[in-house]
Amino acid sequence: MSQDVLKTIADTLEARREASSQSSYVASLFHKGEDAILKKVAEEAAETLMASKDKDKLHLVREVADLWFHSMVLLTYHGLRPEDVLMELKRREGISGLDEKASRAPSP
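On a predicted model such as this, the values are computed, not experimentally measured, just so you know.

### Things to note about the nonpolar core
Grouped together as the largest cluster of nonpolar side chains are 9 residues: Ala10, Leu13, Val26, Leu29, Phe30, Ala36, Ile37, Met72 and Val73. Within the residue set of this core, elements represented by two or more residues are helix H1 (2–16), helix H2 (25–32), helix H3 (34–53) and helix H4 (57–77). Considering every element that reaches this core, the biggest residue donor is H2, with 3 residues. Not counting the four nearest positions on each side in its chain, Met72 is found in contact with Leu6, Ile9, Ala10, Leu13 and Pro82.

Given below as structure tokens:
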């Protein structure tokens, strides 16, 4: 079910990528460009942190949904899909977080 929801949202985002900026909120974000999208992701991340600090679980869920949505807009902007992120998470499955992080460290 969750992958179906992500796929449906991604399909909608792709369809709105070239739409008129007056036709939808998402289309307007795409027309404003990457900086506007990045600003929304940062804003939603900050709101997620504040919801967590407030200990309001429903508010936290709603803010995480906003953060995920705007992250998906960013992925779409770069021609990526949620499946790309899911494949990366699958690749990391069973790998220690410390080992995975060390594998990304630059060589001296």
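### Quick word on the side chain of His70
Turning to its location among the elements, His70 is positioned in helix H4. Judged by its relative accessible area of 7%, His70 is buried.

### Describing the layout of surface pockets
Picture a little ball the size of a water molecule; that probe, rolled over the atoms, points out where space is still empty. Considered as a void within the structure, the largest pocket measures approximately 200 Å³ in volume. Forming the boundary of the largest pocket are Leu6, Trp68, Ser71, Met72, Leu75, Pro82, Val85, Leu86 and Leu89. Within the residue set of the lining of the largest pocket, elements represented by two or more residues are H4 and helix H5 (82–92). Its residues assigned to classes, the lining of the largest pocket comprises 8 nonpolar, 1 polar and no charged.

Thresholds applied
Residues numbered from 1 in each chain as written. Predicted model: local features only at pLDDT ≥ 70, side-chain atom pairs only at ≥ 80, totals over all residues. Heavy atoms only, no water. Core = buried A, V, L, I, M, F, W, Y, C linked by side-chain atoms within 4.5 Å. Buried < 20%, exposed > 50% of the residue type's maximum accessible area, 1.4 Å probe, protein only. Helix = DSSP H or I, 4+ residues; strand = E, 2+ residues; numbered from the N terminus. Contact = heavy atoms within 4.5 Å. 1 Å grid on protein atoms, 1.4 Å probe; cavity = no way out; pocket = protein on both sides within 12 Å on 5 of 7 lines; lining within 4 Å. Points joined across faces, edges and corners; volume = space filled by probe spheres on them. Nonpolar A, V, L, I, M, F, W, Y, C, P; charged D, E, K, R; others polar.

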